[in-house]
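Residue-level listing of the chains:
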Amino acid sequence: GKIAPGVIDVFARPRPQKTLDIRSSELNRVFGAPVPMAEARRILTALGCEIVAESSSALSVRAPSWRRGELEREIDLIEEVARLYGYNHVPDTTAMSARVPHRSPAEVTSGKLRTLLTALGYFECVSDSLIDPRWKAPAVWTSHKPLVLDKASVLREDHSALRNSLLASLLDIRRFNQDHRTGEARLFEIGKVFIPAVAQPRPEERHVLAIVDDRGFQHVADTLSRVGEALSLEAAHLRCSAPVGPAPAFLNPEQACAVLRVREMPGNERAQDSIGWLGTISPDLQKAFDLRSPVAICELDLMKLANLPHAPSRYSEPPRYPEVMRDIAMVVDESVSWSDVDTFARAWHEPLRDKREAPRFLSVFRGKQVGAGKKSLALSLVYRAPDRTLTDDEVNAAHKKFQDALLAKFNGVLRA
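Now for a quick tour of the structure. (Residues numbered from 1 in each chain as written. Predicted model: local features only at pLDDT ≥ 70, side-chain atom pairs only at ≥ 80, totals over all residues. Heavy atoms only, no water.)

Time to look at unusual backbone geometry. Residue Arg181 is not a glycine yet carries a positive backbone phi of 55 degrees. In the Ramachandran plot, Asp290 falls in the positive-phi region, its phi being about 55 degrees despite a non-glycine side chain. Along the chain, Asp290 falls in the loop between helix H8 (283-288) and strand S13 (296-301). (Helix = DSSP H or I, 4+ residues; strand = E, 2+ residues; numbered from the N terminus.)

Dropping the structure here:
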């Protein structure tokens, strides 16, 4: 080639100089001791800054060209003055105040839900907020696809989109565990999702709870029936309802329902608001994540849960006498849910029952031993007297009454 004539200017659009202000009041507040403005002026001039304007309470300076990337804000100037003026000018202190910050409703609700779910045998996951944009993400909160980031700001193509649902991450984790033959999975995650906002530079951030359970729809529905107790809800509860109109595309239409929060209102009115979805994944979603069998899923808006009315926390003395537990395993129709059994057991009036101890779900079993269309539900009750230790005869008699009433209510039989 030949050398081109003339000069090529690669700095045709020079970066304009930026003027920064440093206030005496802010300098003294951050530093923790008074700094004379004359001393601040001397230090900044020595660093190469140009003084544009000054007063007794402030300076306006331009940063030198070799420090433009560092000196961008007032706090950057304060840091330089403090460093060169000397931290030895800051007086010693012998006391330091510490305050515990108030926990937000979202933090309180998240903690209670973690306690509940881990007690029921679920494992908590913490996944990356960035997902693979090629995933078929369930459209739980929006029909928009996950927001893809600028290619220049990401390192990996499979981590280049902001998740708009936690279920995408949990289903990928389920696939990973399936491929490694870890067995049955019960997973949950509490975190943020990012919903693209129309005509807004930033997406909406929403706190949600997501659950993935290999055991099926009924297990997740039974888990949600315990949420009201775990959160100490007062005059409010959750209810599952058939979707109005077609079921979402990511759910199997035969096992899909909206999760509603129900409030008791003046005049015995009931206000209902959808807070998420519960169901079994659709065949298309199962195929997209290469799962061998369908799993039950659930995703709820955590802030709508946190804003429900909670009962005040009340203290009660620990019991002085020991508890006596009795189990019962019964075979019932598949249509009988744990929430129905739980409601009946809580309402059962028995003087020897400890009302502070809720009925405890133990297990559910399905198989040829119990017959088609049937399942075995196992639960336990706690008996305790406030003034003495109970005898076996007393507990057996009380438990026999409850057992007979329970079997009659749900047309069940004791499992052999």
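After that view of the structure, there is still more to cover.
The subject of this paragraph is the pairing of strand S1 (residues 19-23). Within a regular beta strand, the side chains point alternately toward one face of the sheet and then the other, so they alternate between its two faces. Residue alternation in S1 divides its side chains into a buried set, Leu20 and Ile22, and an unburied set, Thr19, Asp21 and Arg23. Bridge count for S1 against strand S3 (residues 58-62) is five bridges, and the pairing is antiparallel. The residue of S3 that forms the bridge with Thr19 is Arg62. (Buried < 20%, exposed > 50% of the residue type's maximum accessible area, 1.4 Å probe, protein only. Pairing = 2+ DSSP bridges.)

Another aspect to go through is the packing of aromatic side chains. Taken as a whole and assessed by the stated rule, the structure comprises seven aromatic pairs. With a centroid separation of 5.9 Å and an interplanar angle of 65 degrees, the aromatic rings of Phe31 and Tyr85 are classed as edge-to-face. Within this pair, whereas Phe31 is found in helix H1 (residues 24-31), its partner Tyr85 is found in helix H3 (residues 74-85), the two being separated by 54 residues in sequence. Consider the rings of Phe344 and Phe410, whose centres lie 6.0 Å apart with planes at 80 degrees: the pair is edge-to-face. Residue Phe344 is located in helix H10 (residues 338-347), and its partner Phe410 is located in helix H11 (residues 392-410); the two are separated by 66 residues in the primary sequence. By the ring-pair criterion, three or more aromatic residues cluster together here, those being Phe344, Trp348, Phe402 and Phe410. (Phe/Tyr/Trp six-rings, centres within 6.5 Å; stacked < 30°, edge-to-face > 60°.)

Leu171, Val212, Ile281, Val295 and Ile297 are the most contacted members of the largest nonpolar core, which has 27 residues in total. Among the secondary structure elements, those contributing two or more residues to this core are helix H5 (166-179), strand S8 (186-195), strand S9 (204-213) and strand S11 (251-265). Of all the elements, H5 adds the most residues to this core, at five residues. Those residues within four positions of Val295 in sequence are excluded, and the remaining contacts are Leu171, Val212, Asp213, Asp214, Gly279, Thr280 and Ile281. If you look at the next biggest cluster of nonpolar residues, it comprises 26 residues, including Leu209, Cys257, Cys298 and Leu300. (Core = buried A, V, L, I, M, F, W, Y, C linked by side-chain atoms within 4.5 Å. Contact = heavy atoms within 4.5 Å.)

Two elements in contact, helix H2 (residues 37-46) and H3, have axes separated by 10 Å at closest approach and are oriented at 100 degrees. The orientation of H2 relative to H3 falls into the category roughly perpendicular. Between H2 and H3, the contacting residues are Glu39, Ala40, Ile43 and Leu44 on the first element and Leu77, Glu80, Val81, Leu84 and Tyr85 on the second. Looking at the contact of H2 with H3 residue by residue, the class counts come to seven nonpolar, no polar and two charged. (Axes fitted to C-alpha atoms, helices over the stretch in contact; angles between N-to-C directions. Parallel < 35°, antiparallel > 145°, perpendicular 65-115°, else oblique. Nonpolar A, V, L, I, M, F, W, Y, C, P; charged D, E, K, R; others polar.)

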